[in-house]
Amino acid sequence: MSRHPDTAGAGGGPALDTVLSRRPALVAGLSAALFAVLAWLHWRETGYVVMSGFFDLSVYRAGAQALLDGVPLYQGGLGPDGTWSFTYPPFAALVFLPLAVAPVAVAQALVLPAGVVLLAASVHLTLRHAGGPLATGGRRTAGGAGLVVAFTALLLWLEPVSWTLYLGQVNLLLMLLVLADLAGGRAGPGERDGRWRRRLRGVGVGVATGIKLTPALFIVHLLLTRRYREAATATGTAAATALIGLVAAPGDSLDYWGGTFLRSERLGEVASPMNQSMNGLLARATGIADPPLVLWLAVAVPTVMLGLGLAAMVHRRGLPLLGVLLCGLTTAAVSPVSWSHHWVWFAPLAVYAVVRLRPGARGRVALALGCTFLLVFAWPLHFLTGHRMDAPPLGLVALPPRYGLEVLYGNLYLLLFAAVLAATAAALRAAPARTAAGSHSGTKT
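Residues numbered from 1 in each chain as written. Predicted model: local features only at pLDDT ≥ 70, side-chain atom pairs only at ≥ 80, totals over all residues. Heavy atoms only, no water.

J.: Before we move on, can you summarise the overall build of the protein with the specific residues and values?
T.: Each helix and strand counted, the protein has 21 helices and 0 strands in total. Residue burial in the protein is summarised as follows: out of 445 residues, 51% are buried. Put simply, 73% of the contacts in the protein that link residues at least 6 apart link residues at least 24 apart. As presented, the protein carries roughly 19400 Å² of accessible surface, and 69% of it is formed by carbon and sulfur atoms. (Helix = DSSP H or I, 4+ residues; strand = E, 2+ residues; numbered from the N terminus. Buried < 20%, exposed > 50% of the residue type's maximum accessible area, 1.4 Å probe, protein only. Contact = heavy atoms within 4.5 Å. Areas by Shrake-Rupley, 256 points an atom, 1.4 Å probe, with all protein chains shown as cover.)

J.: Can you break down a nonpolar patch on the surface residue by residue, with the values?
T.: Taken together, Leu 243, Leu 246, Val 247 and Leu 254 make up a surface patch of nonpolar side chains, about 420 Å² in accessible area. At 3 residues, helix α13 (residues 228-248) tops the list of elements feeding residues into the nonpolar patch. Inspection of the secondary structure puts Leu 243 in helix α13. (Patch = residues over 30% accessible without salt bridge, like charges linked within 9 Å, V, L, I, M, F, W, Y side chains within 5 Å. Salt bridge = Lys/Arg side-chain N within 4 Å of Asp/Glu carboxyl O.)

J.: Now, about unusual backbone geometry: what can you tell me, with residues and values included?
T.: Phi at Phe 54 takes a positive value of approximately 55°, unusual for a residue other than glycine. Looking at where Phe 54 falls in the secondary structure, it is placed in the loop between α2 (24-46) and α3 (55-69). If you check the backbone angles, Arg 226 has positive phi at about 60° while not being a glycine. On the secondary structure map, Arg 226 appears in the loop between α12 (217-224) and α13.

J.: Report on helix α15 (residues 278-286), specifying residues and quantitative values.
T.: Considered for burial, the residues of α15 that qualify are Met 278, Asn 279, Gly 280, Leu 282 and Ala 283. Lining the buried residues of α15 we find α16 (293-316), α17 (320-334) and α21 (412-430).

J.: Give a detailed account of the packing of aromatic side chains, specifying residues and quantitative values.
T.: Given two aromatic rings, their pairing is described by the distance between the two centres and the angle made by the two planes. Going through the model one piece at a time under the given rule, you end up with 19 aromatic pairs. Seen from their ring centres, Phe 377 and Trp 379 are 4.6 Å apart, and the 55° between their planes marks the pair as tilted. A connected cluster of aromatic rings, assembled from ring pairs, spans Tyr 60, Tyr 74, Phe 86, Tyr 88, Phe 96, Tyr 256, Trp 257 and Phe 261. (Phe/Tyr/Trp six-rings, centres within 6.5 Å; stacked < 30°, edge-to-face > 60°.)

J.: Explain the nonpolar core residue by residue, including any values.
T.: Within the largest apolar cluster, 108 residues are counted, with the highest numbers of intra-cluster contacts made by Phe 86, Val 161, Leu 179, Trp 343 and Trp 345. Residues within four places of Phe 86 in sequence aside, it is in contact with Val 59, Tyr 60, Gly 63, Leu 73, Tyr 74, Leu 78, Ala 92, Ala 93, Phe 96 and Arg 266. Grouped together as the second largest cluster of nonpolar side chains are 5 residues, Val 270, Met 274, Ala 283 and Trp 339 included. (Core = buried A, V, L, I, M, F, W, Y, C linked by side-chain atoms within 4.5 Å.)

J.: Lay out the environment of Ala 332 in plain terms, naming residues and giving numbers.
T.: Checked against the element boundaries, Ala 332 lands in helix α17. Here Ala 332 falls in the buried class, since its relative accessible area comes to 3%. Along the sequence, Ala 332 and His 342 sit 10 residues apart, while their C-alpha atoms lie 6.2 Å from each other. Filtering out sequence-adjacent residues up to four positions away, Ala 332 remains in contact with Gln 276, Ser 277, Ser 338, His 342 and Trp 343.

J.: Describe the side chain of Gln 169, naming the residues involved and giving the relevant values.
T.: Tracing the chain through its elements places Gln 169 in the loop between α8 (159-167) and α9 (171-182). Relative accessible area serves as the criterion here: at 13%, Gln 169 is assigned to the buried category. Reaching out from Gln 169, the side chain makes a polar contact with the side chain of Asp 56 at a distance of 2.5 Å. Polar contacts involving the side chain of Gln 169 include one to the side chain of Tyr 88, which spans 3.4 Å. The residues contacting Gln 169, other than those within four sequence positions of it, are Asp 56, Tyr 60, Tyr 88, Thr 164 and His 341. (Polar contact = N/O pair within 3.5 Å; in protein donor to acceptor, adjacent residues only side chain to side chain.)

J.: Please give an account of the packing of α2 against helix α7 (residues 144-155) that cites residues and values.
T.: For the pair α2 and α7, the least separation of the axes is 8 Å and the interaxial angle reads 25°. Classified by the angle between their axes, α2 and α7 sit roughly parallel to one another. Judged by the twist between their axes, the crossing of α2 over α7 is left-handed. Packed against α2, whose contacting residues are Pro 24, Val 27, Ala 28 and Ser 31, the element α7 presents Gly 146, Val 149, Ala 150, Ala 153 and Leu 154 at the interface. In terms of residue class, the contact of α2 with α7 is built from 7 nonpolar, 2 polar and no charged. (Axes fitted to C-alpha atoms, helices over the stretch in contact; angles between N-to-C directions. Parallel < 35°, antiparallel > 145°, perpendicular 65-115°, else oblique. Left-handed = near helix turned anticlockwise from the far one by under 90°. Nonpolar A, V, L, I, M, F, W, Y, C, P; charged D, E, K, R; others polar.)

J.: Before we move on, can you summarise the pattern of salt bridges with the specific residues and values?
T.: Under the criterion given, the structure shown has 1 salt bridge. Arg 44 is the partner of Glu 45 in a salt bridge, and the nearest nitrogen-oxygen pair spans 3.1 Å. According to the relative accessible area criterion, Glu 45 is partly exposed, its value standing at 44%.

J.: Can you tell me about helix α6 (residues 104-129), naming the residues and giving the values?
T.: The first and last C-alpha atoms of α6 sit 37 Å apart over 26 residues, in line with the 38 Å expected at 1.5 Å per residue. At Val 111, α6 shows its largest kink, close to 35°, and the proline Pro 113 lies no more than four residues downstream. The positive-phi residue at the C-terminal boundary of α6 is Gly 131, with phi of around 90°. (Expected span 1.5 Å × (residues − 1). Bend = angle between axes of the 7 residues up to and from the residue.)

Here is the structure:
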């Protein structure tokens, strides 16, 4: 997918990322204005500035407070009415301790700016390692910073990103930990990769795994791509987080690792349309509220093999960042429960796709990207459903069942995941084989 980011399109027009870099203030201003309008409507209709009132942030605070008070994390419910479930490892409750100390208004006020910063940092890393204007060792353009601003302002309106912010979720933080750790692969010719940085590769994945288990799949990706030192570091770091949790909360740790982490029903209604995982698809297709483990494994294992297999193949073709993005999407697909906001990996994938556009295919790819953006846009359909928290609040997955079409929009993220895998496989067949060992992440194919 070879091109320079400033190359004109097939019809003589500028590339999409060049257009965005020229109008960052306009894009950011329109995004801020739209958010302000929706915030006002939310406040007028519900009393909350954002839909849900940062519900998951409240759960994190409750988990941290329970740890401080010596209340069991997993035996019984938390929160004012005792119905909240803390579903993360004990180490995560330690990470959330500052939330229990800070006033709730302060924690809520920091959610949006922190989320914007995390997203912008992920965009920056993607541009840097996808061969864009911020590419390491490449020509830095004056529009690089503007491009980060414009992409960030646009990607805030992807439904997974918006819902992550509305809930006060940790998805953007976990994604950034992994991207900062693995996005560039190994250093290529002309790059400096200091001794400490080499030694610390894998720590980000390990910490992310300690907070939430699904990033452990990146350790498998490291093994498949023969980065054994990084895999060992990630495994050791994850084990260290479990040990820290055991020392700080021995009873909770024994409870969690003794089997509580396998109880998917604690995560919520598996058959809900908000659960955009293979397990959720199984529950909806079979009518089984909580599919048995063997049934979930029957679809999850082949999906992991396909997703991580393609990720390893593109890594060997000299595209380590794309391999990381495919692995991220795979973690969301195969988790027992993946709410739509877990699919934040579509945000850096969109940036990657724009930066890597081939001149001859720009029109078609730009159209596909635009349609995808509309499909996963944060359409505020909860205004039409009475702001019910038992129904999906945002995006096309929130549409009520109609004419059997819910089979499509009710599994939208899984269908997009399948499309990404199919497009990647097609590109691998069409592109000539390249040597991956030691390749620089900015290599054009």
